[in-house]
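Overview (structure and organization)
Listed here are the chains, written in short residue letters.
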Amino acid sequence: MSAIKSIRSIAPLLDRILVQRIKPEAKTATGIFLPDSAVKELNEAKVLAVGPGAYDREGKRVAPSVQPGDKVLIPQFGGSPLKVGEEEYSLFRDHELLAKINE
Amino acid sequence: MSAIKSIRSIAPLLDRILVQRIKPEAKTATGIFLPDSAVKELNEAKVLAVGPGAYDREGKRVAPSVQPGDKVLIPQFGGSPLKVGEEEYSLFRDHELLAKINE
Amino acid sequence: MSAIKSIRSIAPLLDRILVQRIKPEAKTATGIFLPDSAVKELNEAKVLAVGPGAYDREGKRVAPSVQPGDKVLIPQFGGSPLKVGEEEYSLFRDHELLAKINE
Amino acid sequence: MSAIKSIRSIAPLLDRILVQRIKPEAKTATGIFLPDSAVKELNEAKVLAVGPGAYDREGKRVAPSVQPGDKVLIPQFGGSPLKVGEEEYSLFRDHELLAKINE
Amino acid sequence: MSAIKSIRSIAPLLDRILVQRIKPEAKTATGIFLPDSAVKELNEAKVLAVGPGAYDREGKRVAPSVQPGDKVLIPQFGGSPLKVGEEEYSLFRDHELLAKINE
Amino acid sequence: MSAIKSIRSIAPLLDRILVQRIKPEAKTATGIFLPDSAVKELNEAKVLAVGPGAYDREGKRVAPSVQPGDKVLIPQFGGSPLKVGEEEYSLFRDHELLAKINE
Amino acid sequence: MSAIKSIRSIAPLLDRILVQRIKPEAKTATGIFLPDSAVKELNEAKVLAVGPGAYDREGKRVAPSVQPGDKVLIPQFGGSPLKVGEEEYSLFRDHELLAKINE
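Residues numbered from 1 in each chain as written. Chains lettered and ligands numbered in written order. Predicted model: local features only at pLDDT ≥ 70, side-chain atom pairs only at ≥ 80, totals over all residues. Heavy atoms only, no water.

- An unreviewed UniProt entry annotates chain A as Chaperonin Cpn10 originating from Karstenula rhodostoma CBS 690.94.
- Here chain A is described in UniProt, under the heading Function (unreviewed entry), as follows: "Eukaryotic CPN10 homolog which is essential for mitochondrial protein biogenesis, together with CPN60. Binds to CPN60 in the presence of Mg-ATP and suppresses the ATPase activity of the latter."
- UniProt lists a comment for chain A under the heading Sequence similarities (unreviewed entry), and it reads "Belongs to the GroES chaperonin family." (UniProt positions renumbered as here; feature names shortened; annotations may be inferred.)

As structure tokens, then:
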């Protein structure tokens with residue numbers, strides 16, 4: 001049985017960042033639901049948790065570039081997938097994230 | 001639904017540079033529109049936003065080589081694509097940019 | 001004959017971490033046993049033993065990120081398999097572990 | 001429309017060097033023009049512009065090995081191609097250049 | 001003719017570790033000898049000799065993690081094979097060894 | 001037209017070394033010329049020119065290991081070929097040369 | 001014509017080590033000569049000459065691990081072959097040698 005009670009129990013290690021992709025609208029503006037194949041994946045994600053940072057060459061932690069709640073652009077490939085219940089998440093290393101999305 | 005309201009909301013991380021390719025003329029000098037297949041892609045781009053710089057080995061930020069508004073030569077391959085609405089953009093790392101184009 | 005009397009006799013070297021995957025339930029909520037092929041492997045593991053840490057560039061040991069008893073997310077690929085009796089274990093390097101799973 | 005008015009508007013970044021291959025004679029000593037297929041490409045090029053230098057580990061710029069006007073041997077492979085009007089140029093990194101050609 | 005009089009004449013260089021795999025039982029508990037194909041190779045080995053250690057960046061030797069007589073887990077792949085008489089040995093680099101096996 | 005008037009005009013950059021392979025005898029001891037296919041290439045070369053040395057991490061030039069006039073063993077593969085008139089030369093990096101051949 | 005008068009004229013550069021494989025007996029204990037195919041190659045070699053050592057990061061030479069006359073274990077693959085007359089030699093880098101063979 002999975003040891004993960006909730007996604008909140010995941011504490012990324014070193015420079016890893018836990019994110020969840022932002023889901024594209026599955027229905028049109030007029031409210032018609034679209035089949036899965038018509039919904040393109042977005043490379044946008046929400047940061048759920050950040051690691052304490054990797055060590056630099058002097059043995060100090062490098063603070064992560066993002067904070068929980070930030071919206072970020074993620075690369076098209078890479079990352080480690082994680083499934084909790086029916087939801088999918090990914091873990092990236094801090095330097096793999098491309099950009100923050102400001103509101 | 002995409003979290004990106006406008007391309008201006010993209011804030012590149014570390015040494016990443018957000019650029020948009022300069023579009024080749026899609027019509028001839030006499031005003032005749034050319035089909036897409038006759039328009040060659042340019043490796044010229046305009047810098048829209050720059051990251052704060054990657055860390056060097058002493059933990060200091062390395063200032064990016066270019067500024068928003070600069071025109072630059074980009075490499076033929078590489079970069080991370082980004083689509084906002086109908087427009088396409090790319091994110092490069094600062095050291096991947098080849099040259100500045102002065103006016 | 002194997003020199004390993006018990007998994008407790010394994011003392012990981014440098015930055016290696018000995019873990020055992022958490023086994024998925026092999027029966028349904030109502031107590032019906034599932035065939036092996038219906039049981040998906042989890043990427044969750046329990047830390048059994050940690051090495052003393054690899055050396056950094058100044059020759060000091062880097063303390064491992066996890067402790068025996070911790071539950072961790074392991075990557076989908078990699079790690080060195082180890083079989084003791086009927087049980088399977090893996091050795092990972094500290095930086096390969098993705099996250100701690102808090103209770 | 002290309003933003004490049006003239007090759008002189010290209011300012012290489014970091015340790016990049018803008019060169020143009022020296023064209024082989026397309027006619028024989030007696031003035032007979034040779035077909036393209038009979039003209040072998042030379043690995044000789046003229047330096048048109050040099051970048052300010054890459055940063056070394058102490059954050060200081062490393063001065064490029066060549067100056068505009070220098071003639072250089074370029075490697076058989078590599079370099080980033082650039083076309084301005086009908087002319088072809090290449091961008092190399094300073095350490096990829098093989099030798100200076102003295103007169 | 002081999003210059004190796006005995007395995008004891010092998011003195012590993014730098015960070016190399018000379019080991020011999022521990023042989024699996026070739027007979028059953030009741031004393032019946034098993035054919036070779038029924039005997040699975042173990043990844044357990046005994047350390048026979050250790051090198052003086054590789055140099056770190058300050059030019060100091062890094063002491064090996066194991067001592068002659070130690071029992072160790074070796075990786076499934078890698079190592080340099082060595083045959084002396086009918087016996088087979090392997091040389092690993094210190095950091096390739098996975099764990100010590102305590103008694 | 002080639003800018004190279006003479007091989008003497010080639011000044012290697014950084015740690016590059018200009019060499020010319022020593023030609024094997026194309027005739028037998030009794031003066032009979034051998035067909036090309038019977039003449040094996042030698043990995044021996046004469047140093048014609050040396051670069052000023054690459055920079056080490058402190059920004060100082062590393063003096064090349066060989067001097068013009070030295071005879072050297074070159075590796076079987078690698079090097080950048082250079083043709084001037086009918087003669088063939090190669091450029092190697094200093095650390096690629098295997099040995100000096102003393103007389 | 002080869003510039004190498006004798007193998008003694010080879011002076012390895014940097015961290016390279018000149019060795020000659022020890023030849024296996026081509027005849028049996030009772031003096032019967034064996035065909036070539038029955039003679040297995042040994043990974044044992046005699047050190048003939050050593051380079052002055054590669055430079056470490058502080059610009060100091062690292063003394064080679066072996067001396068001329070030493071017998072060594074060489075890896076199964078790698079090394080640069082060298083033929084002088086009918087004899088075959090190899091050049092290895094110091095850190096590629098596996099072990100010294102003491103008498």
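Picking up after the structure, the text goes on.
1. Topic: the environment of Gly 79 of chain A
Residue and element names in this part refer to chain A.
- Within the secondary structure, Gly 79 is located in the loop between strand E4 (71–73) and strand E5 (80–84).
- Through-space distance from the C-alpha of Gly 79 to that of Val 19 is 9.7 Å; in sequence the pair is 60 residues apart.
- The residues touching Gly 79, leaving out its near neighbours within four places in the chain, are Leu 91 and Phe 92. (Helix = DSSP H or I, 4+ residues; strand = E, 2+ residues; numbered from the N terminus. Contact = heavy atoms within 4.5 Å.)

2. Details of the interface of chain A and chain C
- Taken together, the contact between chain A and chain C spans 17 residues of the former and 22 residues of the latter.
- Each partner contributes to the roughly 1,800 Å² buried at the junction of chain A and chain C, and carbon and sulfur atoms together form 58% of this total.
- Run the count over chain A and chain C and you get zero salt bridges.
- Seen at the junction of chain A and chain C, the total is six residue pairs in polar contact (both at pLDDT 80 or more).
- Of all elements in the fold, only strand E1 (10–12) and E5 of chain A reach the threshold of two or more residues within the side of chain A that touches chain C. (Buried area = accessible area lost by both parts, 1.4 Å probe. Salt bridge = Lys/Arg side-chain N within 4 Å of Asp/Glu carboxyl O. Polar contact = N/O pair within 3.5 Å; in protein donor to acceptor, adjacent residues only side chain to side chain.)

3. With respect to the side chain of Asp 70 of chain A
Residues and elements named next belong to chain A.
- Following the sequence through the fold, Asp 70 ends up in the loop between strand E3 (44–50) and E4.
- Given a relative accessible area of 16%, Asp 70 falls into the buried group.
- Here Gln 67 takes part through its backbone nitrogen, which lies 2.7 Å from a polar atom of the side chain of Asp 70.
- In this structure, Asp 70 is in contact with Ala 45, Lys 46, Val 47 and Lys 100, ignoring residues within four places of it in sequence. (Buried < 20%, exposed > 50% of the residue type's maximum accessible area, 1.4 Å probe, protein only.)

4. Side note on the sheet that holds strand E1 (residues 10–12) of chain D
- Pairing in this open sheet of seven strands is antiparallel, and the strands run E5(B)-E6(B)-E2(B)-E3(B)-E4(B)-E7(B)-E1(D) from one edge to the other. Each end of this open sheet is capped by a strand with a single partner; those strands are strand E5 (80–84) of chain B together with E1 of chain D. On average, adjacent strands in this sheet sit at an angle of 40 degrees to one another, irrespective of strand direction.
- For strand E2 (residues 16–21) of chain B and strand E3 (residues 44–50) of chain B, the ladder comprises five bridges, and the chain directions are antiparallel. In the strand pairing of E3 of chain B, Gln 20 of chain B is matched with Lys 46 of chain B. (Pairing = 2+ DSSP bridges. Axes fitted to C-alpha atoms, helices over the stretch in contact; angles between N-to-C directions.)

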